[in-house]
Amino acid sequence: MLDIENIKEEWNKYLDARDTGIKHVWKPLLSKQLEEIKSLNKEDLNDYLLEICKLHFDVGLNIPVEHPNIWPQILELWKCKLDNPDEKIFLWLFKAKLYKDACLLCSGEPKELLESALTINPESKEAKKLLFIENLDLLDFAMHSLPCGLHLEVDTCKSAISECEQMLVKNPELKIYKTRFNIGFSHYKEMFFAWLEYQEKGIKLEFFDWYKPTET
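Residues numbered from 1 in each chain as written. Predicted model: local features only at pLDDT ≥ 70, side-chain atom pairs only at ≥ 80, totals over all residues. Heavy atoms only, no water.

Caption draft 1: Quick look at the pattern of salt bridges. Throughout the structure, instances matching the rule amount to twelve salt bridges. Ionic pairing is found between Lys97 and Glu134, a salt bridge with its closest N-O pair at 3.2 Å. One end of the pair, Lys97, is in the loop between helix H5 (87-95) and helix H6 (110-120); the other, Glu134, is in helix H7 (residues 125-143), with 37 residues separating them in the sequence. On the basis of relative accessible area, Lys97 is assigned to the partly exposed category, the value being 33%. Linked through salt bridges whose partners overlap, the residues forming this network are Asp58, Lys88, Lys95 and Glu126. (Salt bridge = Lys/Arg side-chain N within 4 Å of Asp/Glu carboxyl O. Helix = DSSP H or I, 4+ residues; strand = E, 2+ residues; numbered from the N terminus. Buried < 20%, exposed > 50% of the residue type's maximum accessible area, 1.4 Å probe, protein only.)

Caption draft 2: Focus on the state of the cysteines. The tally for this structure, following the rule as stated, stands at zero disulfides. The thiol of Cys103 is not disulfide-bonded; the next cysteine sulfur, from Cys106, is found 6.8 Å away. Here Cys103 falls in the partly exposed class, since its relative accessible area comes to 49%. The cysteine Cys157 is free of any disulfide, with Cys164 supplying the nearest cysteine sulfur at 11 Å. (Disulfide = S-S within 2.5 Å.)

Caption draft 3: Structural context of the nonpolar core. Of all hydrophobic cores here, the largest spans 65 residues; its most connected members are Trp11, Ile52, Phe57, Trp71, Ile74 and Trp78. Here this core gets eight residues from one element, more than from any other, and that element is H7. When residues no more than four places from it in sequence are discounted, the contact partners of Trp71 are Phe57, Val65, Glu66, Trp78, Ala96, Tyr99, Lys100 and Ala102. (Core = buried A, V, L, I, M, F, W, Y, C linked by side-chain atoms within 4.5 Å. Contact = heavy atoms within 4.5 Å.)

Have a look at this one:
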């Protein structure tokens, strides 16, 4: 019978060894885990894979789920789960959006995975947080080359701003979240509309000489 509690302990032994940087210390422990996976029957294998997904994507344990002896099996399991998905599958797919072949399991934009998670569980705090930050990242990308211009269409930026505003009305606690550059929604919103005004009025000053942000 699969010992779920033991999975985290065994992977922690590998990760501790991995931190030493000594290959002959950590490699046998990795091989042991791979052999364990190989020995499992179908039911136990599925339970095992779901557990390491939880540990990796939710807990933040750096289990090498992308290993070629592990990742294809995870993708196959997720593919089956998508026939009757739960919130977690969509969240994991979103977090794995840059992993090999993960995009083959879904169509459309990554944020649609979060919207699907919210359709299943409208109260999902994690899905709301990730969707809010995804919109911030979109705005950051759109404006990171100013004053040369926007990288995305004006309507795309307006849509992201509108979605953030609607989310903040219902969940004001989302205001605390920022991009990896430590910039929040208010700053992006203010700078975007300042840019539109700057363009509309044909102001001759350099944009950042004219625009003085009040929000960060």
